[in-house]
Every structure is written in C-alpha cells, then in structure tokens.
Amino acid sequence: MFQQFLQRLRLRLVEHLDGPLLLIMLALMAIGLSTVYSATYDANNRALAQALNMAVGLCAMWAVAQFPPQKLMRFAVPLYVVGVVLLVLVFLFGVKVNGARRWLSLGFTRIQPSELLKLGVPLMLAWYFHKHEAVLKLRHYLVAGLLLLVPFALIAKQPDLGTAILVGAAGFYVLFFAGLPWQVIIGLAATGAGAAPFVWTMLHDYQRKRILTLIDPTSDPLGSGYHIIQSTIAIGSGGSFGKGWLAGTQTHLEFIPERHTDFIFAVFSEERGLLGNSVLVLLYLLLIGRGLMITANASTLFARVMAGSITLSLFTYAFVNMGMVSGILPVVGVPLPFMSYGGTALVTLSIGIGILMSIQTHRMLVRQ
C-alpha cells in the first residue's frame, strides 16, 4: 500500500516534466554552482545562496509545468499590465542606484519590475496573436509592435539597455514565429541601420564609451576597458584544458570584475579551458535544440510562438554574455543562463523552462 502511494507520488511529480530539458538544465546548474563556489571562494555563503536560488527556480519550473498552455494564457494580460504599471511607478518613484532608476522600494524589500516583462511581453504578444489567429493582418503586427515598444522604451529609459535588449528580443521572436513578413523584417533592419547615427547621439556617455572600448579596450585599460581586458586574459590563460577547479589565478587574485555574475564565463574558461568551454557550448546547443523541437511540434499558435520566443531568448542570453566576456560584443548586464549568480534571473529562466515543459508534456497527453 505504501509502495503504491510512493509510486503514484513519483509519477505525479514527474508527469509534466520533460526529461531531456530537465537533465540539461540540471547539468548547467551543477556547473554553475561549482563555478560560483570557485568565484566566491572567500565568501562561500554566496554558493549556498545560489543553491537556494536554484531550489526555488526548480520549484517554480515544476509549478508552471503543471499548467496546460491554455491556462497559462490567462496570466498574459494581467502580468503585462502589472509589469507596465510597475515600470511607470519606477519612472516616477523608483530608487536610483549608480545613476540608474531600476528598482521599486516596497519598504521591506526592493523589486526590479523589468524582470516581469521578460516573460510578460512574450506571453502578452503570444496571447494577442492566438486571439486573432484566423484574421492576422498587418495591423495586428503593428499593434503587437506597439505593445512591445512601450515596455522596451520604459526599460531603456531607466537606463537598463541589457534588459531592454532581452525584452525587445523576446518580443521580436514572437513576431517572427507569428509570421511577420520578411519584407517587413528587411525594412526594419534597413531602417535601424539608417537610424544608427541618430541612435548614437541618444546614447548615454557610458553606453557610447562601452562601444568605443569594444573597438580598442587599451584606450582606457584601467577604466572602461578593464572588464574586457581582464576577462580575455582569463579566457586565454585557461589554454586547452584549464588551470583546474579553484586554481584560477585571475579569479582568486580578483582581477576579473563581477566574476560571480556577468563575467562568470571568464572564471569557467580559466579553470576549464577550451575543452570545458566546448562542453558548455554543447549543453547550450542541446538546450536550444530541444526547445526548437518543442516549438516545431507545438499544437497551437500560442504554444508555438511562446516556445520559440523562450528558446531563442535563451540563445540570446548565452550568445550576448559569452560575446561580451570574450570581447566581441559591448559589455551589457546580461547573465549567463543557469550559471551566473542571482535569484531573479535564475527564477525567470526556470519559469521559461517550465513553460516549455508544459507545452511539450500537455501536447503528448492530448495525443494519448
């Protein structure tokens, strides 16, 4: 009797979990936790805190996976509206830290509303396209573009260019998977290229400096170029097989800035070398490949565009982070998925994986 109860409990716990996604996610979390431990060797409480963040993320993933996609749609409008309202409140009453107004104080804690929009925007756009699936016309794409532009502009104004890029990319991926015509995409790309000089004049001084530093980091080696110079030194010093876990000199002599958050890839590269980087890239490719398989097999427009947006957003996270740490992209605040220290981004990414699992496992249940 007790064994039957345990069997039913086990089946209930794993019923809506996708095995390949879960295994890849756990592998990335394990690598990330060991790297955070090494990066914060003199403050090991951060490794413990990250382990707790991962536990919360896994619980959030499991909870979201239990909802079928049609029920997830019910959260789209409320989440989007609450997120935009909170962004307006941040603009009016937000806490200013290091020149940026990104946080909203609740008295006992502070929240960063822009994190809600990383999922709120694609959910809203996916719900909108699903609602008008039978009569999709150009005007629907224009309305969707406006729904995307509002939070993008509010986040960029804070200023938080990294998060704005991620939210904008997630929304654009929904437009793409919803069938945005190629003529429009090419037109937008040409318009963006033509507007580049005007955009340059609108950037903040520190944002322009980051782009110029990308071209020549040695122009300001102790200032804006310091991050890129030290991270590339760490990556190169790892060689083919790395210096070994806890043996990274650039890491433990504290040359690498933000080594447990945005620049954790430099720590991993120094300790694991080219071989470790190859394994890490393979894991991300497997994660993205699995997500694209789920996208291709999705049974509804909402499921397809949502799965595609989440999958390509994961690609954007990984590509932008590795690119900035390697010195081929400007430095922006983008974490490495399931590797960088931090609870908010980790939980957001875990919820995204939960949505992918919901789309995959509930589709299979319907077929059965």
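In the block above lies the structure referred to throughout.
Residues numbered from 1 in each chain as written. Predicted model: local features only at pLDDT ≥ 70, side-chain atom pairs only at ≥ 80, totals over all residues. Heavy atoms only, no water.

**So, the layout of surface pockets**
Here's step 1: Quantified by volume, the second largest pocket comes out at close to 390 Å³.
Here's step 2: The wall of the second largest pocket is formed by 19 residues, among which L79, E115, L116, L119 and I351 lie closest to the centre.
Here's step 3: Elements represented by at least two residues in the lining of the second largest pocket include exactly strand 3 (110–111), helix 6 (114–131) and helix 16 (343–367).
Here's step 4: Its residues assigned to classes, the lining of the second largest pocket comprises 14 nonpolar, 3 polar and 2 charged. (1 Å grid on protein atoms, 1.4 Å probe; cavity = no way out; pocket = protein on both sides within 12 Å on 5 of 7 lines; lining within 4 Å. Points joined across faces, edges and corners; volume = space filled by probe spheres on them. Helix = DSSP H or I, 4+ residues; strand = E, 2+ residues; numbered from the N terminus. Nonpolar A, V, L, I, M, F, W, Y, C, P; charged D, E, K, R; others polar.)

**Brief notes about unusual backbone geometry**
Negative phi values dominate among residues other than glycine, just as trans dominates among peptide bonds.
Here's step 1: Even without glycine at this site, L246 takes up a positive phi of about 70 degrees.
Here's step 2: With respect to the helices and strands, the residue L246 is situated in the loop between helix 12 (226–237) and helix 13 (249–252).
Here's step 3: In this model, E254 sits at a positive phi of 65 degrees, which is unusual for a non-glycine residue.
Here's step 4: One can find E254 in the loop between helix 13 and helix 14 (264–297).

**Here's the deal with the pairing of strand 2 (residues 100–105)**
Here's step 1: In the sheet, strand 1 (residues 95–97) pairs with strand 2 via 3 bridges, with the strands oriented antiparallel. Pairing of K96 across the sheet is with R101, part of strand 2.
Here's step 2: Bridge analysis of strand 2 against strand 3 gives 2 bridges, and the strand direction is antiparallel. When the bridges of strand 3 are listed, S105 appears paired with R110. (Pairing = 2+ DSSP bridges.)

**So, helix 14**
Here's step 1: The end-to-end C-alpha distance of helix 14 is 34 Å, clearly below the 50 Å that 34 residues give at a rise of 1.5 Å each.
Here's step 2: Along helix 14, the sharpest kink reaches roughly 120 degrees, centred on G273. (Expected span 1.5 Å × (residues − 1). Bend = angle between axes of the 7 residues up to and from the residue.)

**Topic: the nonpolar core**
Here's step 1: Of all hydrophobic cores here, the largest spans 87 residues; its most connected members are L280, L336, F338 and I353.
Here's step 2: Per element, the largest residue contribution to this core is 15 residues, and it comes from helix 15 (residues 301–326).
Here's step 3: In contact with L336, other than residues within four places in its own chain, are I264, F265, L280, Y284, A318, N321 and M322. (Core = buried A, V, L, I, M, F, W, Y, C linked by side-chain atoms within 4.5 Å. Buried < 20%, exposed > 50% of the residue type's maximum accessible area, 1.4 Å probe, protein only. Contact = heavy atoms within 4.5 Å.)

**Concerning empty space enclosed by the protein**
Here's step 1: According to the stated counting rule, one finds 2 cavities of 30 Å³ or more in the structure shown.
Here's step 2: Space inside the largest cavity adds up to approximately 150 Å³.
Here's step 3: Forming the walls of the largest cavity are 13 residues, and the residues nearest its centre are K118, L119, S313, Y317 and L349.
Here's step 4: Broken down by secondary-structure element, the contributors of at least two residues to the lining of the largest cavity are helix 6, helix 8 (161–177), helix 15 and helix 16.
Here's step 5: Tallied by class, residues from the lining of the largest cavity come to 8 nonpolar, 4 polar and 1 charged.
Here's step 6: What lines the second largest cavity is simply P335, L336, P337, F338, M339, S340, G342, A345, L346 and L349.
Here's step 7: Class assignment for the residues of the lining of the second largest cavity results in 8 nonpolar, 2 polar and no charged.

**Quick look at the packing of aromatic side chains**
Here's step 1: A complete count under the given rule lists 8 aromatic pairs for this structure.
Here's step 2: Seen in terms of ring centroids, F315 and F319 are 5.7 Å apart; in terms of plane orientation they differ by 15 degrees. Their pairing is stacked. Placement of the pair is F315 and F319 together in helix 15, with a separation of 4 residues, close to one helical turn.
Here's step 3: Accessibility expressed as a relative area gives 38% for F315, which makes it partly exposed.
Here's step 4: Through a chain of ring-to-ring contacts, the aromatic side chains of Y128, F129 and Y141 assemble into a single cluster. (Phe/Tyr/Trp six-rings, centres within 6.5 Å; stacked < 30°, edge-to-face > 60°.)

Honestly, it's all geometry; don't read function into it.
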